[in-house]
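Descriptive structure summary
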Amino acid sequence: MNPQTWEKDVAGIESGGYLLYDSTKPMPKSRFREDITVIGVPLTAICNGEYSDPRQRQLFKNIMYLGALCALLDMDVAVIEQLVREQFKSKEKLIDANLHALHLGRDWALQNLQCPIGLRVRHAKAVGDRIFLEGNSAAALGAVYGGATVCAWYPITPSSSLADAFAGHCRRLRIDGGSKRNKFAIVQAEDELASIGMVIGAAWNGARAFTATSGPGISLMQEFLGLAYFAEIPAVIFDVQRAGPSTGMPTRTQQCDLVSCAYASHGDTKHVLLFPEDPAEAFDFAADAFDLADRLQTPIFVMLDLDIGMNHRLCRALTWDDRRKYDRGKVMTAADLEAGKDFGRYLDVDGDGIPYRTYPGTHPSKGSFFTRGTSRDRYARYTEEGAPYADNMQRLLRKFETAKDLVPRPLQANAAKPTKYGVIYYGSTSPAMDEAIHMIEERGHSLNRLRVRAFPFHSSVTNFVGDHDFVFVVEQNRDGQLRSLIVNECSIDPVRLVPILHYDGTPITARFISRAIADHLDALKVTPLRKVVS
């Protein structure tokens, strides 16, 4: 808290809540509220009496504050002491000094305040088998397990820790046991445009490659993404979304890149997007993305956001089946070419829209050795004739239809009793939505839920909307981008989709969702007044 934000901070406290502040400088009662409990601890005065160094005064004040909280909330001081020792284990000289500051704050509170207050922190064992993990680290590990060997990236908040984590995982898991040589390549490019170019080049040559970026990086990658789509080259892009546009709020979260990724590049393009809800799904979807990229021969976007990527979350333990085989898709071998199989790089032989490809150098004289982003016929012969171009574009649409049955399907949860209202949500909104549904039920409403996990949308999305009078679409952006995609791709009447939008950069809360949806539902239950006939 500081003078510039004091009024806003005090106004944001729930009625009946507590305000703990540095009471070294007396504050008039007019700066507080009657409906909250105010607790003052003279942290600055204690620091000034104990320390002469200005830097120590500032640093140790935070630890004293923790000590006061420890007493006020009846926290186990031994646990806090252990955490301090773990935090400063590499700087042992700081341990005793921080423990001293901790007890300064705790002792003052015990001697001068009524401890504990009405709120308590107690031990609990509700974690079970869940783990505490960041989404970026989980996604990076999923990339390793998914067979990625190449990462080309340019630093940008909040995605940089994903590339860093990949490097750390590779140093543990991708070192050859015999030669001790690296079995991976990580390149920090000069910008995002170069990074996606390197990924496409590596993937064209058969490597599983990816980049990690955020919204501004996606903007710079547009032309190369169109090349990968049209030349049909697998690539994986982790988009850790932040608040935009432009620089926006780089340290805040949003789900605001859906449209820019779904239709990335100029011309008619459609890309596959995956929407993990937590670090566990970030791991799963990261690994799946490389299979999908190879199977569909196209870029795959894993749509994380700052809330998932950089925050630690409790999630189920990560699992992996060692019997799992990588899906490299339709790859024609040298033996196939030698046997005289008909190879047309853009030839659809079975109606799924996906052609066969060859890795460069598969055969000394047959197969593909080069590619480019110009129009061509089924055998990769350059042409600007309309009919071959239209034929190719229609095949790409068939491939997009094929993707609907390959990507993770939506998950539906129905209310305990029949209802004509539903809600669609995705990604990091999930935990808040899971909590909000109970709050909505307490207000007397029932709601069926559908968590969308990928684009293109499975047919169950259209069916879900069709089964309800109104469907709320909950997302964290201003323009209702998921709602727009559903309207556009599923030919849905937009009136039936009610946007519930949260976009101030903070993670969406159950309270926000429940209030917004329940207020809508309350309005639908209002019965108009009728004139009484006497």
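First, a word on what this report is: a plain description of the structure on this page. (Residues numbered from 1 in each chain as written. Predicted model: local features only at pLDDT ≥ 70, side-chain atom pairs only at ≥ 80, totals over all residues. Heavy atoms only, no water.)

Okay, the overall build of the protein chain next. Broken down by element type, the protein chain carries 19 helices and 16 strands. Based on the C-alpha atoms only, the size of the protein chain along its principal axes is roughly 90 × 90 × 40 Å. Taking the intrachain contacts of the protein chain between residues at least 6 apart in sequence as the baseline, contacts between residues at least 24 apart amount to 74%. About 26700 Å² of surface is accessible on the protein chain, with carbon and sulfur atoms providing 52% of the total. For the protein chain, the separation between the mean place of its 62 positive charges and that of its 64 negative charges on side chains is 2 Å. (Helix = DSSP H or I, 4+ residues; strand = E, 2+ residues; numbered from the N terminus. Contact = heavy atoms within 4.5 Å. Areas by Shrake-Rupley, 256 points an atom, 1.4 Å probe, with all protein chains shown as cover. Lys, Arg positive; Asp, Glu negative; His and termini not counted. Charge placed at Lys NZ, Arg CZ, Asp CG, Glu CD.)

As a further point, take a nonpolar patch on the surface. Together, V127, F132 and L314 line one region of the surface with nonpolar side chains, adding up to about 280 Å² of accessible area. Residue placement: V127 occurs in the loop between α5 (93–112) and β3 (131–134). A residue is classified by how much of its surface remains accessible, and V127, at 37% relative accessible area, is partly exposed. (Patch = residues over 30% accessible without salt bridge, like charges linked within 9 Å, V, L, I, M, F, W, Y side chains within 5 Å. Salt bridge = Lys/Arg side-chain N within 4 Å of Asp/Glu carboxyl O. Buried < 20%, exposed > 50% of the residue type's maximum accessible area, 1.4 Å probe, protein only.)

We now examine the sheet that holds strand β9 (residues 299–305). With respect to topology, 7 strands assemble into an open sheet ordered β5-β4-β6-β7-β9-β8-β14, the strand pairing being mixed. Every other strand in the sheet has two partners, leaving β5 (185–188) and β14 (454–455) as the edge strands with one partner each. Note that strand β7 (residues 235–241) and β9 share 7 bridges and pair parallel. Within the sheet, the bridge partner assigned to Q241 lies in β9 and is D305. Sheet strands touched by helix α12 (residues 279–296): β6 (209–213), β7, β8 (272–274) and β9. Its angle to β9, the strand with the most contacts, is close to 165 degrees. (Pairing = 2+ DSSP bridges. Axes fitted to C-alpha atoms, helices over the stretch in contact; angles between N-to-C directions.)

Turning to the side chain of H363, a few remarks are in order. When you line up the elements, H363 lands in the loop between α14 (334–338) and α15 (386–403). Residue class for H363 comes out buried when judged on its relative accessible area of 8%. From its side chain, H363 meets the backbone nitrogen of K366 in a polar contact 3.1 Å long. With residues near it in sequence (within four places) discarded, H363 still touches A334, L337, E338 and F369. (Polar contact = N/O pair within 3.5 Å; in protein donor to acceptor, adjacent residues only side chain to side chain.)

Just distances and angles here, no functional claims.
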